[in-house]
Amino acid sequence: MALLRNLGSTCYFNVVMQTMRAVMPVGQNLRNFSKPDTPGFHTLNLLTAMESGQSVTDLLVPVVSAVRKHMGGTRDQDAHACWEHVVEFIYDSIPKGMVSQNVFYGKQRMRVACSKCKHRTDNVEPYATLVFHVSDAQSSVRACFKNMLAPERLADDYKCDKCGHAGACTRRTTLLETPDVLVVHVARYGFKDGCYKTIKPFTFPRRWMDIAPIVEGGAAGDGRHMYRLSAVVDHWGQSCEFGHYTVRIRGKDGAWRVFDDDRQPRGLDVDGGDFSE
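Small disclaimer: the values here were computed from a predicted structure and weren't measured. (Residues numbered from 1 in each chain as written. Predicted model: local features only at pLDDT ≥ 70, side-chain atom pairs only at ≥ 80, totals over all residues. Heavy atoms only, no water.)

### Points about empty space enclosed by the protein
Part 1: A full pass over the atoms with the stated rule returns 2 cavities of 30 Å³ or more.
Part 2: Within this model, the largest cavity holds a volume of roughly 40 Å³.
Part 3: If you trace the largest cavity, you find it lined by Val 112, Ala 113, Cys 114, His 119, Thr 121, Tyr 158, Lys 159, Cys 160, Asp 161 and Cys 169.
Part 4: With 3 residues, strand S1 (residues 106-114) is the single largest residue contributor to the lining of the largest cavity. (1 Å grid on protein atoms, 1.4 Å probe; cavity = no way out; pocket = protein on both sides within 12 Å on 5 of 7 lines; lining within 4 Å. Points joined across faces, edges and corners; volume = space filled by probe spheres on them. Helix = DSSP H or I, 4+ residues; strand = E, 2+ residues; numbered from the N terminus.)

So, in structure tokens, the structure goes:
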């Protein structure tokens, strides 16, 4: 079990690497096929050392430096963007096809429909994370997935590509393919006289969850789109502009522990106050 030292506002990076280690154990073989001296090679080198329990402090620096370069500076950063960069690093450094894109990437379709002329426009693109902007009315991951089924009304000045009518279009997101590792980013912030953070209870299923109803062609109960919670990254602080990250991880023994930089992991009460669903 490798603990990661905070090098100065790097808690966001540490929780990402602990999560990556938990959901995708990376062996020596994959690192050996990585292009030397690339961000992906250094990432795989770090993950391999973490998995074997080696000292990792010196291995943190090149990966943190690469992440900061891609994220535009040394100030506090967010775990969501860091995760997507780390995934890109790994895929960019290894031969194409060695690790299936389906491990971390799915495909989604955004369909814009006009209620006046019935014209539809589809845009299909890959995703590494699903982002849910949580309103005060939403209090669980289940509610967020359910809301994906509802069409979103576009702005009044948005015009249909075909008939040019304004204010008559809606957009709906449908998942076409799901990855092996599904990452959900719950964006609990908004903007009103500056950025604010929503501070309220938010629940998530710690056991199995079937998302087949929001996948095209999916059928509830078919077992093809079942996910089991493996990790939860928590942001602590009253503001969305600063704070501290920790992560709750399900171990191979089934026990949950919280990782907080290089502090010893703390065990969690799964049936008590540490989980609410």
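### Observations concerning the packing of aromatic side chains
Part 1: The final tally for this structure, using the stated rule, is 3 aromatic pairs.
Part 2: When the ring of Trp 83 is compared with that of Phe 104, the centres are 5.8 Å apart and the planes differ by 75°; the resulting orientation is edge-to-face. One end of the pair, Trp 83, is in helix H5 (residues 79-93); the other, Phe 104, is in the loop between H5 and S1, with 21 residues separating them in the sequence. This pair shows no difference in class: Trp 83 is buried, exactly as Phe 104 is.
Part 3: When the centroid spacing of 5.5 Å and the interplanar angle of 45° are considered together, the rings of Tyr 91 and Tyr 105 count as tilted. Remark: Tyr 105 occurs in the loop between H5 and S1 and Tyr 91 occurs in helix H5; sequence separation between them is 14 residues. (Phe/Tyr/Trp six-rings, centres within 6.5 Å; stacked < 30°, edge-to-face > 60°. Buried < 20%, exposed > 50% of the residue type's maximum accessible area, 1.4 Å probe, protein only.)

### A word on unusual backbone geometry
Part 1: Not every positive phi belongs to a glycine, and Asp 37 is a case in point at roughly 55°.
Part 2: As for its placement among the helices and strands, Asp 37 is situated in the loop between helix H2 (28-32) and helix H3 (39-52).
Part 3: On the basis of relative accessible area, Asp 37 is assigned to the exposed category, the value being 63%.
Part 4: Despite not being glycine, Lys 118 shows a phi value in the positive range, around 70°.
Part 5: Secondary-structure assignment places Lys 118 in the loop between S1 and strand S2 (120-127).
Part 6: Residue Lys 118 is classed as exposed on the basis of its relative accessible area, which comes to 62%.

### Structural notes on the environment of Asn 45
Part 1: The topology assignment puts Asn 45 in helix H3.
Part 2: Sequence spacing of Asn 45 and Val 63 is 18 residues, and the spatial spacing of their C-alpha atoms is 9.5 Å.
Part 3: Apart from residues lying up to four places away in sequence, Asn 45 is in contact with Arg 31 and Leu 59. (Contact = heavy atoms within 4.5 Å.)

### Comments concerning the side chain of Gln 108
Part 1: When you line up the elements, Gln 108 lands in strand S1.
Part 2: In this structure Gln 108 comes out as buried when scored by relative accessible area, which is 12%.
Part 3: With residues near it in sequence (within four places) discarded, Gln 108 still touches Asn 123, Val 124, Glu 125, Tyr 127, Leu 130, Thr 173, Thr 174, Leu 175 and Leu 176.

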